[in-house]
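Single-letter residue listing:
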Amino acid sequence: MSGKSVFDFEHKGIGAVIAHNVLRVPPNQREYSWTEREVTGLFEDLGTAINGRWDEYFLGTVVTVARAGFLEVVDGQQRIATTLILLAAIRDRLKAEKDTASVESIERMLTDIDRRQSAHISRLTLNTDDAAFFHAYSGDASH
């Protein structure tokens, strides 16, 4: 083998992973498949962590590969997508309540700005089968 493999590990919360990266699920990855059972389990765990009953909550490992301008998600797409869907629902509720500052804060986590296109882009792009639904639901709140 002529090249060196470099593995790097960072301990980050899911908020930091989402807020500071553009993530893409490769086309060959399976579709979003979580059922109500897995989503409810994640939400219950997050609620317990938020209420301070745990010092830390390990959401699970997210494995990515650095590509030009984005991170390719190798493992963790179900958790990331579900978390972004939850954030989008919270954003929509706050938008209905006219809480503009909170909506803008969440929107910065959900989208990035593509300066070349002068447009908001989703921080997560799912595979071909799921991309359109996810983008329509989690995209820019102003659309």
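Residues numbered from 1 in each chain as written. Predicted model: local features only at pLDDT ≥ 70, side-chain atom pairs only at ≥ 80, totals over all residues. Heavy atoms only, no water.

1. Concerning helix α2 (residues 36-50)
Taking 1.5 Å of rise per residue, the 15 residues of α2 would be expected to cover 21 Å, and the 21 Å separating its terminal C-alpha atoms lies within 8% of that figure. Taken residue by residue, α2 has V39, L42, L46 and T48 as its buried positions. Considering only its buried residues, α2 is in contact with α3 (77-96). In the stretch just after α2, G52 is the one whose phi turns positive, near 80°. (Helix = DSSP H or I, 4+ residues; strand = E, 2+ residues; numbered from the N terminus. Expected span 1.5 Å × (residues − 1). Buried < 20%, exposed > 50% of the residue type's maximum accessible area, 1.4 Å probe, protein only. Contact = heavy atoms within 4.5 Å.)

2. What to know about the layout of surface pockets
By volume, the largest pocket amounts to about 1200 Å³. Looking at the largest pocket, it is lined by 35 residues, and the ones nearest its centre are E10, K12, G13, V17 and V62. With 5 residues, the top contributor of residues to the lining of the largest pocket is α2. Among the residues forming the lining of the largest pocket, the class breakdown is 22 nonpolar, 9 polar and 4 charged. Approximately 210 Å³ is the volume attributed to the second largest pocket. V22, R24, D114, R116 and I121 are, among the 14 residues lining the second largest pocket, the residues nearest its centre. (1 Å grid on protein atoms, 1.4 Å probe; cavity = no way out; pocket = protein on both sides within 12 Å on 5 of 7 lines; lining within 4 Å. Points joined across faces, edges and corners; volume = space filled by probe spheres on them. Nonpolar A, V, L, I, M, F, W, Y, C, P; charged D, E, K, R; others polar.)

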